[in-house]
Structure formats: structure tokens, C-alpha cells
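Structural description and commentary
The lines below spell out each chain.
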Amino acid sequence: MNSFYLNKILIYKFPNLKDIYTEETKWQEGDNTGSHIVYGNVFAPYLRYCIENNNINELNKISNFLETLLDINNQYVNEVVAFSVLENILDLLQLNNNLVLLFGDKSRKIIFELKEYYA
């Protein structure tokens, strides 16, 4: 899996992020911008916003999306999810352990590993 495809999946699943995505990538490599940058600077802030605003419907959609990505079982994809998405919201997850329950099994496993690493 490469950045182009992973970035396109994000915008396909979350078209509401298209403008932010375009702004972030237009001065870089466009759709080929590294997914760590895209997911860390576009998707993770959106996830943070949804958590802070208790948008359960969107959080469920995000959770399903992350699980679908992790089901691909690709090292690059897994690293993007772990380090550019979940690690970016770890502080919120540590403040409210119930938030972890919104995530699927594979995401929760990564969250627990991150929490243990930073403990």
C-alpha cells in the first residue's frame, strides 16, 4: 500500500476533509504526500474534534474505518494508524478510558500498546 492509495481512501470515506486535505497537500506532493503527514495533520485533528464534541456517529464511522485499514495488515498502513492517528489522540484516551471502547479490537490493541509504552 502506498501513500497515494491510502490518502485517496481517506478522502473517499471522509469527503468532508477534502478542503483541508487539499490545503495540506497542495504545497507538498499532492496525492502522493506521505500518509503520515496527511493522517497526522488532517485526519487526527478531525478525530480529536469528534472526540471533543462527542460526535458518536462520526466516531463510530472513524472506528470502522480504522479497523478496515488495519484489516489490510500492511506494515505501512499499520504504522500510519498507530503513530499518525492513534498516538495523536493518546492524551484524550488517557483522560477518558471509556473512549477506548469506541474503537475496534485492532485499534484497541494498538492503543493499549501505546499506553504501555508511554507508561
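See the structure shown above.
Per chain, the residues get numbers from 1 upward, laid out in the order the sequence is written. In keeping with the model being predicted, local features are shown solely for residues with a pLDDT of at least 70 and side-chain atom pairs are shown and tallied solely at 80 or more, while totals for entire chains, interfaces and linings include all residues. Remark: hydrogens and water are excluded; side-chain values derive from all non-hydrogen atoms of the structure.

Before going further, it helps to spend a moment on the environment of Asn7. Helix and strand assignments follow DSSP, with helices taken as H or I runs no shorter than four residues and strands as E runs no shorter than two, numbered in order from the N terminus. Mapped onto the elements, Asn7 comes out in helix H1 (residues 3-13). The cut-offs for exposure are 20% and 50% of the maximum accessible area for each residue type, with area from a 1.4 Å probe on protein chains only; residues under the lower value are buried, those over the upper are exposed, and the others partly exposed. Since its relative accessible area comes to 0%, Asn7 is described here as buried. C-alpha separation for the pair Asn7 and Asp31, spaced 24 residues apart in sequence, amounts to 6.5 Å. By definition, residues are in contact when any of their heavy atoms lie within 4.5 Å. For Asn7, the residues in contact, after removing those within four places along its chain, are Tyr21, Asp31, Asn32, Thr33, Ser35, Val38 and Tyr39. Whenever two N or O atoms come within 3.5 Å, that pair is a polar contact, provided that in protein one can donate a hydrogen and the other can accept it, and provided that, for residues adjacent in sequence, both atoms are side-chain atoms. Here Thr33 takes part through its backbone oxygen, which lies 2.7 Å from a polar atom of the side chain of Asn7.

Right, let's talk about helix H5 (residues 75-86) for a bit. The span one expects for a helix is its residue count, reduced by one, times 1.5 Å. The terminal C-alpha atoms of H5 lie 15 Å apart, and with twelve residues this matches the ideal 16 Å at 1.5 Å per residue to within 8%. Three or more residues of H5 are buried, namely Val77, Val80, Val81, Ala82, Ser84, Val85 and Leu86. Looking at where H5 begins, the residue whose side-chain oxygen comes 3.0 Å from the main-chain nitrogen of Tyr76 is Asn74.

All right, on to helix H3 (residues 35-52) then. In this model, H3 (18 residues) spans 24 Å end to end at C-alpha, consistent with the 26 Å of a helix rising 1.5 Å per residue. At Phe43, H3 shows its strongest bend, of approximately 30°, with the proline Pro45 following within four residues. Where H3 is concerned, the buried positions are Ser35, Val38, Tyr39, Gly40, Val42, Phe43, Ala44, Tyr46, Leu47, Cys50 and Ile51. Against H1, helix H2 (18-25), helix H4 (56-71), H5 and helix H6 (90-95) lie the buried residues of H3. Just past H3, the residue Asn54 takes up positive phi, approximately 50°. Here the bend at a residue is taken as the angle between two axes, fitted respectively to the seven residues that end there and the seven that start there.

Pairing of aromatic rings covers Phe, Tyr and Trp, the last through its six-membered ring, and needs centres within 6.5 Å; plane angles under 30 degrees mean stacked, over 60 mean edge-to-face, and all others mean tilted. This structure, assessed with the given rule, holds six aromatic pairs. Ring geometry for Phe14 and Phe65: centres 5.2 Å apart, planes at 80°, overall edge-to-face. Of this pair, Phe14 sits in the loop between H1 and H2 while Phe65 is found in helix H4, placing the two residues 51 residues apart along the sequence. Residue Phe14 is classed as buried on the basis of its relative accessible area of 0%. An angle of 70° between the planes, with centres 5.8 Å apart, marks the rings of Tyr39 and Phe43 as edge-to-face. Note that Tyr39 and Phe43 are positioned in helix H3 at a spacing of four residues, about one turn of the helix. Classification of Tyr39 as buried rests on a relative accessible area of 0%. Members of the aromatic cluster, connected to one another through ring pairs, are Phe14, Tyr39, Phe43, Tyr46 and Phe65.

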